[in-house]
Amino acid sequence: MPREDPLLEISDLRTHFFTREGTVRAVDGVSLTVPRGKTVCVVGESGCGKSVTARSVLGLVDEPGRIVSGEIWWRRRGQEPVNLAQLGPRSEEMRRVRGGEISMVFQEPMASLSPMYTIGDQLVEAIRMHLPLTQEQARERATDLLRRAGIPRAEERLDAYSFQLSGGMCQRVMIAIALAADPALLIADEPTTALDVTTQARIIDLLRDLQAETGMSVLFITHDLGVVAEIADEVVVMYLGTVVERGGVDEIFHDPKHPYTNALLGSIPRMGAGAGRRLATIRGNVPHPSDRPAGCPFHPRCDAAIGGVCDVSDPPHIVFGEARSVRCVLHDDVHRSSAAEVRA
Amino acid sequence: MTTVLLDADTTSSVEAGAETGTKNGRRTAKQWRLVWWKFRQHKLAMVGLVLMFGIYLVALFAEFLAPFGTSTFNSEYTYAPPQRIHVDWGEGLYVHGYTSTIDEETFEPTFEVDESQRIEIGLFVKGEEYELFGLIPWDRHLIGPEDPGQPMYLLGADRNGHDLLSRLIHGTRISMTIGLVGVAMALVLGIILGGVSGYFGGRTDTVIQRIVEFFMSIPGIPLWMGLSAALPHEWGPMQRYFAITVILAVIGWTDMARVVRGRFLSLRNEEFVTSARLDGSGRPRVIYRHMLPSFTSHLIASVTLSIPAMILAETSLSFLGLGLQDPVVSWGVLLQDAQNVRVLSTAPWLMLPGVAVIVAVLALNFVGDGLRDAADPYKR
Amino acid sequence: MLTYIGRRCLYMVPTLFAISVVAFAIIQLPPGDFLTSWVTRMESEGEKVDPAMLEGLRERYALGDPFYVQYGKWISGILFHGDFGESFEFGRSVTSLVLDRLPWSIGLTVFALIFTWVVAFPIGLYSAVRQYSIGDYLATTIGFLGLAIPNFMLALAMMYIAYRVFGLSTSGISPLTIGIAIVVLGTAGTAGTIRILRANLLDELKKPYVVAARARGVSERALVVKYPVRMALNPFVSTIGWVLPGLVGGEVIVAQVLNLPTTGPLLFSALRTQDMYLAGSIILIISVLTVIGTLLSDILLAWLDPRVRLGYR
Ligand SMILES: Nc1ncnc2c1ncn2[C@@H]1O[C@H](COP(=O)(O)OP(=O)(O)O)[C@@H](O)[C@H]1O
Ligand SMILES: [Mg+2]
């Protein structure tokens, strides 16, 4: 079956921060797609540009930052596709997309809710922003949403403040707010990082259930490979503002192509067989995006790096299939032979 | 579900922490350079710094810069208006003299600048004798009339025929130092109490915080007025000067104490202090090598910001006649003459000491602000 | 909320006590007792003082007794009979003298506070939302000037302009004088308030809940007004705490310059003539009122902030 046009298609997105100390190329050529009804996980170390990518989609990049180039195609069913990268961050259309068609859940649930207003106030605000409902109807829908997000005594909770709830509860509220207008895509930016382990598991379960129930797509950002294994259909591996590898979840876990993906997987502590063995770590530090190495950004930390190739030329983009690609010279037949010549 | 974390993340952060540790030695030395570098980018602060230096130079060389002493006056020239300096390329500088007419009703003289009279003035002229820095006897003045008996009122005269310019210059010393002395005292009080408060925490902290709140919640000026009015009348100028600085310090220490306490509290938890401690530095070393340097820049900033507040306070008190009093000359004392509109409309130049206050306070505020911004070179 | 108010009122007691001790100390500070100096002055002016009356006064103020007995008598007179003592200069009770003038002081202070807010709020908001715009720099500059110009200088300058340019006399009660007083007093606190509001707003504008609200489609204008401004309102209300003492102090000087019938000039003349009961009482009363004003602002703050209202902070 040929793949249908993806719901969201980011191609060659570049978002840079123009700070006084220089330009920070936080996102520098990211391409990824989110198919309808699927969950795509974006993984990578802190600072590799996951959040900036997600924020770029909704035009929420902070001040000195700007989308410099690239396209973000948003394809609603039965409507003309729009390039979100071209929409003004303050435009009417962007505001309709935000929360109405694409919702976002953030890392710090407590801080994402204003302590000055009740949960109900903020939930009703989100509902009435996008749906033509009266105050009473919106309140009813709010109760229903809270219940669906697994919040007990939903009716009472409407009048609670964020500081009266636990972090997990707050994240459920944020999820309820995100679902306010039945969005087609939910972007979850490390929604469980700030929570304790059991709460994390429950929130992940909730998101998976809700996705099954509504059929929405999810773009899930995390640096927790366990979560990826749990919920992903497809995986996007990022390193220093670029996508180094894309593939189905099984392909990534069982047949990683990029040395970085390999290293990431090697650094997972395994139960059973490998337990007790020292964890493999990736040597060196993640460089700051403002002093990105020439050539392949990963080459200084890569065990398989080829001198004279990886530190000189940008790695080629090798496409194996519709949703499978890698940016590494090791998988390029032409380059590999030329590299062999260099060595010889 | 087994949750497995991407371990590369924690690894790199630990490594980053270790790196900060090794950088610490350099960090202390570099701190001041960074502060200065950041400070220099702040244009207004640099302007303020230059002005501030200028004003303190005036305070230092007041006797030399002022044409006359503070108590020199000529009662023939009450409220004489300012003269303009003219340049005659052949003969040097001169100003015009005055002719006076007596008002028929009030019998008060009014002065006109008389273009026909020429009063020769010169640079580095001989004048009244004084002791520079209280040590070196000298009699030269930067500017003055060639014949010391002649009237020269570049900024006009006051009710008694004092030269306003001279008194303004002399007043600079008192006004600018009373702030310094007051702040120095406030600083000692503030560091002790704030340090104790921030270091011990707990109940001590609560008690000291209550005291600080008490001082901050009462309106200062009426209290100063009460205290300074209660000073014995027979006290001499020096005793009064000292008493006023003490009164200013008693009110001003609270800010300092809050800054010190706040820095102590926040520094205790700051990353580089923790990492220095993990490095194995002992406690005093942590405090002196790592906490104090980042601390002093904040302290200097808040000191710079307190001086203008004290200058303003002294000016207000003296203006009301409750602060320093005449033979001692400060800007506030000079402004006492400018109490009512009738006087001001005949002699608007009497407001000039107020301009001096504004310039000085602005300059110090700019410097303090720049310092405060620069004190956090790692922020923003 | 009630417990909060109760606790806050309780905290006030030591403060009030300390203020009363300071005020009484000021009464006592001048050397010698005030009765003696008053008698000497009266006699030097050729007036006779009735020895019986003198004895009565001596009894009443417990002169000769230790400090704390005198203090006890004084404070219980105030607390139980509203009796602040006599003004020797005016020959009237301090209570009646102060009551004549207090409404003016309070009125002036309240209007100056309102002026401060009305001016500072829009400017602070603008400066924060349009950070580094020309308007922002202008506001900052004016703010600096406001900080640097002593109250009385501004009052003098305005009086001078009114007199020279418009030929208006400014002394005593007139709409112009009162207007000048309010503007002068108001601008003093405006600069600081603008700074605080701007800094708080800039802080708030970066908070995750603002981004979250933006991410659910709230328009920029509604966003700023509904979230950060609402949040920044709290420190704004708490500015009363530090604006008020300065305002009350400034009022003393400005009223003196403008010759307004507030407590300021009365305090001033009392201090000059060493009419210490009057002076001490005025200091006591305006300090206590300031503390009460601060208390009210704290309560208002608590009521505005659900975290405090519900006892979470
Ligand atoms: N407001 C900003 N100003 C300057 N640089 C920024 C800003 N926000 C993010 N960055 C840079 O962008 C890079 C990517 O950040 P981010 O997307 O938040 O990483 P993560 O993958 O952990 O979510 C970071 O290295 C950071 O330095
Ligand atoms: Mg992130």
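Position numbers for residues start from 1 in each chain and track the written sequence from start to end. Ligands are numbered from 1 and chains lettered from A, in the order in which they are written. Whole-chain, interface and lining totals are the exception, using all residues; otherwise, since this is a predicted model, local features are given only for residues with pLDDT of at least 70 and side-chain atom pairs are given and counted only at 80 or more. With hydrogens and water stripped out, all remaining heavy atoms of the structure feed into the side-chain values.

A.B. asks: Can you explain the overall build of chain C? Please cite residues and give values.
C.D. replies: Secondary structure counts use DSSP, requiring at least four H or I residues in a row for a helix and at least two E residues in a row for a strand, with both numbered from the N terminus. Each helix and strand in chain C was counted, giving 14 helices and 2 strands. Exposed residues in this analysis have more than 50% of their type's maximum accessible area, buried residues have under 20%, and partly exposed residues fall in between, with area computed by a 1.4 Å probe over protein chains only. Residues classed as buried in chain C amount to 51% of the 313 residues present. Any two residues having at least one pair of non-hydrogen atoms within 4.5 Å are treated as being in contact. Long-range contacts, defined here as pairs at least 24 residues apart, represent 73% of the contacts in chain C between residues at least 6 apart. To measure how exposed things are, a 1.4 Å probe is used in the Shrake-Rupley method; for residues, cover is taken only from the protein chains shown. When the accessible area of chain C is evaluated, it comes to approximately 14,000 Å², of which 68% is carbon and sulfur surface.

A.B. asks: A description of a negative patch on the surface should follow, citing residues and the corresponding values.
C.D. replies: Residue and element names in this part refer to chain A. Patches here: salt-bridge-free residues with over 30% relative accessible area, like charges joined within 9 Å, nonpolar side chains (Val, Leu, Ile, Met, Phe, Trp, Tyr) joined within 5 Å. Take a side-chain nitrogen of Lys or Arg and a carboxyl oxygen of Asp or Glu: if they are within 4 Å of each other, that pair is a salt bridge. Only four residue types enter the charge count: Lys and Arg as positive, Asp and Glu as negative, with His and the chain ends excluded. To locate a charge, take atom NZ for lysine, CZ for arginine, CG for aspartate or CD for glutamate. Residues Glu-136, Glu-140, Asp-144 and Glu-155 make up a contiguous surface patch of negative charge. If one sorts the elements of the negative patch by residue count, helix H4 (residues 135-148) sits on top with 3 residues. Secondary-structure assignment places Glu-136 in helix H4. Residue Glu-136 is classed as exposed on the basis of its relative accessible area of 55%.

A.B. asks: If you had to explain the pairing of strand S8 (residues 217-222) of chain A to someone new, which residues and values would you point to?
C.D. replies: Residues and elements named next belong to chain A. The buried fraction of S8 is high, at 6 of 6 residues. Covered by surrounding structure in S8 are Ser-217, Leu-219 and Ile-221 together with Val-218, Phe-220 and Thr-222, the residues of both alternating faces. A pair of strands is considered paired only if DSSP assigns at least 2 bridges between the two. As defined by bridge partners, strand S3 (residues 39-43) adjoins S8 across 5 bridges and the pair is classed as parallel. Each bridged residue has a counterpart across the sheet, and for Val-40 the counterpart in S8 is Leu-219. Pairing between strand S7 (residues 185-189) and S8: 5 bridges, direction parallel. The residue bridging Ile-187 from the neighbouring strand is Leu-219, located in S8. Note on handedness: a crossover is taken as right-handed if, strands pointing away from the viewer, the path from the first strand over the helix to the second is clockwise. Handedness of the S7-helix H7 (residues 197-214)-S8 crossover: right-handed.

A.B. asks: Let's hear about the packing of helix H5 (residues 202-217) of chain B against helix H1 (residues 2-28) of chain C: which residues, and what values?
C.D. replies: Axis separation between H5 of chain B and H1 of chain C bottoms out at 10 Å; the angle between their running directions is 60 degrees. By the angle between their directions, the pair H5 of chain B and H1 of chain C is classed as oblique. Considering only the axes of H5 of chain B and H1 of chain C, their crossing is right-handed. Within the contact between the two elements, H5 of chain B uses Arg-210, Phe-214 and Ser-217 of chain B and H1 of chain C uses Tyr-11, Thr-15, Ala-18, Ile-19 and Val-22 of chain C. Axis definition: a line fitted to C-alpha atoms, limited for helices to the stretch in contact. Angles are taken between N-to-C directions and run from 0 to 180 degrees. Angle categories: roughly parallel below 35 degrees, roughly antiparallel above 145, roughly perpendicular from 65 to 115, and oblique for all the rest. By definition, turning the near helix anticlockwise from the far helix through less than a right angle yields a left-handed crossing, and turning it clockwise yields a right-handed one.

A.B. asks: Account for the UniProt feature "transmembrane region" (unreviewed entry) in chain C, with residues named and values stated.
C.D. replies: UniProt positions are given in the numbering used here, feature names are shortened, and annotations may be inferred rather than shown by experiment. In the numbering adopted here, UniProt assigns the feature "transmembrane region" (unreviewed entry) to residues 9-29, 102-125, 137-163, 175-197, 236-258 and 278-304 of chain C. Span residues 102-125 of chain C is 100% helix and 0% strand, its end C-alpha atoms 34 Å apart.

A.B. asks: Describe in detail the site of ligand 1, supporting the description with residues and values.
C.D. replies: Residue and element names in this part refer to chain A. Nearness here has a simple test: a residue counts as near a molecule or strand if at least one of its heavy atoms is within 4 Å of that partner. Taken together, 14 residues sit near ligand 1, with Ala-26, Gly-47, Lys-50, Ser-51 and Val-52 positioned nearest. Here an oxygen atom of ligand 1 sits 2.7 Å away from a polar atom, N or O, in the main chain of Gly-47. When ligand 1 is considered free in solution it has 560 Å² of accessible area, and contact with the protein chains removes 73% of it. Those elements giving two or more residues to the shell around ligand 1 turn out to be strand S1 (8-19) and helix H1 (50-57). Amino acids are sorted into nonpolar (Ala, Val, Leu, Ile, Met, Phe, Trp, Tyr, Cys and Pro), charged (Asp, Glu, Lys and Arg) and polar (every other residue, Gly among them). Residues that form the shell around ligand 1 fall into these classes: 5 nonpolar, 6 polar and 3 charged. As used in this structure description, the phrase polar contact means that two N or O atoms lie within 3.5 Å; if the pair is within protein, one of them must be able to donate a hydrogen and the other to accept it, and residues adjacent in sequence are counted only when both atoms belong to side chains.

A.B. asks: I'd love a proper account of the sheet that holds S1 of chain A, names of residues and values included.
C.D. replies: All names here are of chain A. Strand order in this open sheet of 4 strands is S2-S1-S4-S5, and the pairing throughout is antiparallel. In the strand order of this sheet, the two ends are held by strand S2 (22-34) and strand S5 (82-83), each with one partner. Sheet strands in contact with H1 are S1, S2 and strand S4 (65-74), and its direction is about 110 degrees off that of S1.

A.B. asks: Any chance you could break down a nonpolar patch on the surface for me, citing the residues and the numbers?
C.D. replies: Residue and element names in this part refer to chain C. Side chains of Ile-106, Val-110, Phe-111, Ile-114, Val-118, Leu-289, Ile-292 and Leu-296 sit close together on the surface and give an oily, nonpolar patch of about 690 Å² of accessible area. Among the elements of the structure, helix H5 (94-129) and helix H13 (276-304) are those that each provide at least two residues to the nonpolar patch. Considering every element that reaches the nonpolar patch, the biggest residue donor is H5, with 5 residues. Among the residues examined, Leu-296 registers a relative accessible area of 52% and is labelled exposed.

A.B. asks: Describe the interface of chain C and chain B, listing the residues and the values that go with them.
C.D. replies: Put simply, an interface is often sized by how much accessible area is lost when its parts join up. Opposite the 43 residues of chain C that make contact, chain B presents 42 residues. As a working definition, buried area equals the accessible area (1.4 Å probe) given up by two parts on being put together, with both sides summed. For the pair chain C and chain B, the summed buried surface comes to about 3,700 Å²; carbon and sulfur atoms form 78% of the total. Our enumeration of links across chain C and chain B arrives at 0 salt bridges. Applying the counting rule to chain C against chain B returns 0 residue pairs in polar contact (both at pLDDT 80 or more). Of all the secondary structure elements, the ones that give two or more residues to the side of chain C that touches chain B are H1, helix H6 (134-148), helix H7 (151-164), helix H11 (228-258), helix H12 (263-272) and H13 of chain C.

A.B. asks: Explain the sheet that holds S8 of chain A to me, and be specific about the residues and the numbers.
C.D. replies: All names here are of chain A. Here we have 8 strands laid out as an open sheet, ordered S6-S7-S8-S3-S9-S10-S12-S11, and mixed in their pairing. Of all strands in the sheet, those with a lone pairing partner are strand S6 (102-105) and strand S11 (317-321), marking the two edges. Going across the sheet, the axis of each strand differs from the next one's by a mean of 20 degrees, ignoring polarity. For S11 and strand S12 (residues 324-327), the ladder comprises 4 bridges, and the chain directions are antiparallel. In the sheet register, Val-319 faces S12, and the bridge partner there is Ser-325. Relative to S6, helix H6 (residues 167-178) is tilted by about 170 degrees, and along the sheet it contacts S6 and S7.

A.B. asks: Outline H1 of chain A, listing residues and values.
C.D. replies: Each α-helix winds once per 3.6 residues, and so residues spaced three or four apart point in a common direction. A large share of H1 of chain A lies buried, amounting to 7 of its 8 residues. Taken from the residues just after H1 of chain A, Gly-59 of chain A is the one with a positive phi, measuring 65 degrees.

A.B. asks: I'd love a proper account of the environment of Pro-232 of chain B, names of residues and values included.
C.D. replies: Residues and elements named next belong to chain B. The topology assignment puts Pro-232 in the loop between helix H6 (220-229) and helix H7 (237-268). Taking the relative accessible area as the measure of exposure, Pro-232 reaches 17% and is therefore buried. For the pair Pro-232 and Leu-65, spaced 167 residues apart in the sequence, the C-alpha separation amounts to 34 Å.

A.B. asks: Before we move on, could you go through the packing of aromatic side chains and cite the residues and values that matter?
C.D. replies: Stacked, edge-to-face and tilted labels apply to pairs of Phe, Tyr and Trp rings (six-membered ring for Trp) whose centres lie within 6.5 Å, assigned for plane angles under 30 degrees, over 60, and everything in between, in that order. Counted by the stated rule, this structure contains 11 aromatic pairs over all chains. Centre to centre, the rings of Tyr-117 of chain A and Tyr-227 of chain C are 5.4 Å apart; their planes meet at 65 degrees, and the pair counts as edge-to-face. A residue pair is termed interchain when its members come from two chains, as with Tyr-117 of chain A in the loop between S6 and helix H3 (119-130) and Tyr-227 of chain C in the loop between helix H10 (220-226) and H11. Per residue, the accessibility class of Tyr-117 of chain A equals that of Tyr-227 of chain C, and both read buried.

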